[in-house]
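# A look at the structure
Spelled out, the chains give:
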Amino acid sequence: MRSLAIGATGMIAQQLNVETISNNIANATTTGFKKQRAEFQDLLYQNFRRIGSTSSDAGTIVPTGVQVGAGVRVAAVARVLEQGNLTVTDNKLDVAINGSGYFQVQLPSGDTAYTRAGNFKLSPEGIIVTADGYPVQPAITIPAEAVDVAINASGEVMVKLDGQVAQQNVGQIQLATFANAAGLEAVGDNLFLQTGASGEAVGGNPGAPGFGRVVQGALETSNVNIVQEITTLISAQRAYEMNSKVIKTTDEMMQQASQLR
């Protein structure tokens, strides 16, 4: 019976749905995390009576026909890019993006990665780096004699040196945007890589048209809504149970048919 295979596709789809939800919940406190959503498509249909075919010599048309579907499949696991809340940390090297854009990070391979996580640190050389030690691009070095660091909404990094009154500009934070940011490839460690689906990175200063502003002393939290995820998890669980019920019912029907004399 087709319902065995159809029910199996439903269980497989809901299994991936639960895995996606569980990853969202696990990252509910991950800085800059963007939740994901499983999206589904129905499979091919078998036509037992084709829609629009003639039903008589007089030319009458079949209005609906008979089509039986083959089940469901996962079409995509889309990333939801809505803004996360900003939480104040008062750490001078914590920087949040309020609006569009990604920080640019240089990987050890020389490639550029992108992130929304602005929990930056200083390397032994005074370079602003990520929690994994990857330099933020363009590179910004904080002098050892600096007693204060200020980052304005436009991304200018100003330092106050010991014994001096005036601040000095030591660098400029730049952001990158993409025509299709949902097409970025997540590689873990809060990092994304450019792909053919995302389009080329477009760089610019924070606050410029099309770019968000940066907020010093704050971090963007995950955009996961726990209540919403739990609700979706319950729905996925029920859908999984119903598909398993389809398989069980089909098995009982086949058992009854095999016992006929």
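If you're wondering where the values come from, they're calculated on a predicted model, not measured in any experiment.

What counts, and at which threshold
Position numbers for residues start from 1 in each chain and track the written sequence from start to end. Per-residue local features are limited, in this predicted model, to residues with pLDDT of at least 70; the limit for side-chain atom pairs, both in listing and counting, is 80 or more; totals at the level of whole chains, interfaces and linings are taken over all residues. Computation of side-chain values covers all heavy atoms of the structure but excludes hydrogens and water. Any two strands are treated as partners once DSSP identifies two or more bridges connecting them. Put simply, DSSP H or I for four residues or longer makes a helix, DSSP E for two residues or longer makes a strand, and each gets a number counted from the N terminus. Helix axes are fitted only over the stretch in contact, all axes being lines through C-alpha atoms; the angle between N-to-C directions runs from 0 to 180 degrees. Whether two aromatic rings pair depends on their centres lying within 6.5 Å, for rings of Phe, Tyr and Trp, where Trp uses its six-membered ring; planes under 30 degrees apart make the pair stacked, over 60 edge-to-face, and the rest tilted. Note on classification: 1.4 Å probe, protein chains only; a residue is buried when its accessible area is under 20% of the maximum for its type, exposed when over 50%, partly exposed between these limits. Nonpolar cores were defined as sets of buried Ala, Val, Leu, Ile, Met, Phe, Trp, Tyr and Cys residues, with membership established by side-chain atoms within 4.5 Å. UniProt positions are given in the numbering used here, feature names are shortened, and annotations may be inferred rather than shown by experiment.

## Comments concerning the sheet that holds strand E12 (residues 146-151)
Backbone-to-backbone hydrogen bonds pair the strands of a sheet. The strands run either parallel or antiparallel. Pairing is antiparallel across the open sheet formed by 3 strands, whose spatial order is E12-E13-E14. The open sheet is flanked by E12 and strand E14 (168-172), the only strands paired with a single partner. Strand-to-strand twist across the sheet, computed as the mean angle between neighbouring axes with direction ignored, equals 25 degrees. As paired strands, strand E13 (residues 156-161) and E14 are joined by 4 bridges and run antiparallel to one another. Within E14, the position partnered with methionine 158 by the bridge is asparagine 169.

## A closer look at the packing of aromatic side chains
Throughout the structure, instances matching the rule amount to 4 aromatic pairs. Here tyrosine 102 and phenylalanine 192 contribute two aromatic rings whose centre-to-centre distance is 5.9 Å and whose plane-to-plane angle is 70 degrees, an arrangement assigned as edge-to-face. Residue tyrosine 102 is found in strand E7 (residues 102-106), and its partner phenylalanine 192 is found in strand E17 (residues 191-193); the two are separated by 90 residues along the sequence. Judged by its relative accessible area of 7%, tyrosine 102 falls in the buried class. A relative accessible area of 8% places phenylalanine 192 in the buried class. When the ring of tyrosine 114 is compared with that of phenylalanine 178, the centres are 4.9 Å apart and the planes differ by 85 degrees; the resulting orientation is edge-to-face. Pair noted here: tyrosine 114 is in strand E8 (residues 112-115) and phenylalanine 178 is in the loop between strand E15 (175-177) and strand E16 (185-188), with a separation of 64 residues, a long-range link. Ring pairing ties together the aromatic residues Tyr102, Tyr114, Phe178 and Phe192, which thus form one cluster.

## Side note on the nonpolar core
Of all hydrophobic cores here, the largest spans 18 residues; its most connected members are Phe103, Ile128, Ile142, Ile151 and Val157. Where this core is concerned, the elements lending two or more residues are strand E6 (95-98), E12 and E13. When residues of this core are assigned to their parent elements, the largest contribution, 3 residues, is made by E13. If you look at the next biggest cluster of nonpolar residues, it comprises 7 residues, including Tyr114, Ala176, Phe178 and Ala181.

## What to know about the UniProt feature "domain: Flagellar basal-body/hook protein C-terminal" (unreviewed entry) in the protein chain
In the numbering used here, UniProt assigns the feature "domain: Flagellar basal-body/hook protein C-terminal" (unreviewed entry) to residues 215-260. Across residues 215-260, helical content stands at 72% and strand content at 11%; the span's end C-alpha atoms are separated by 74 Å.

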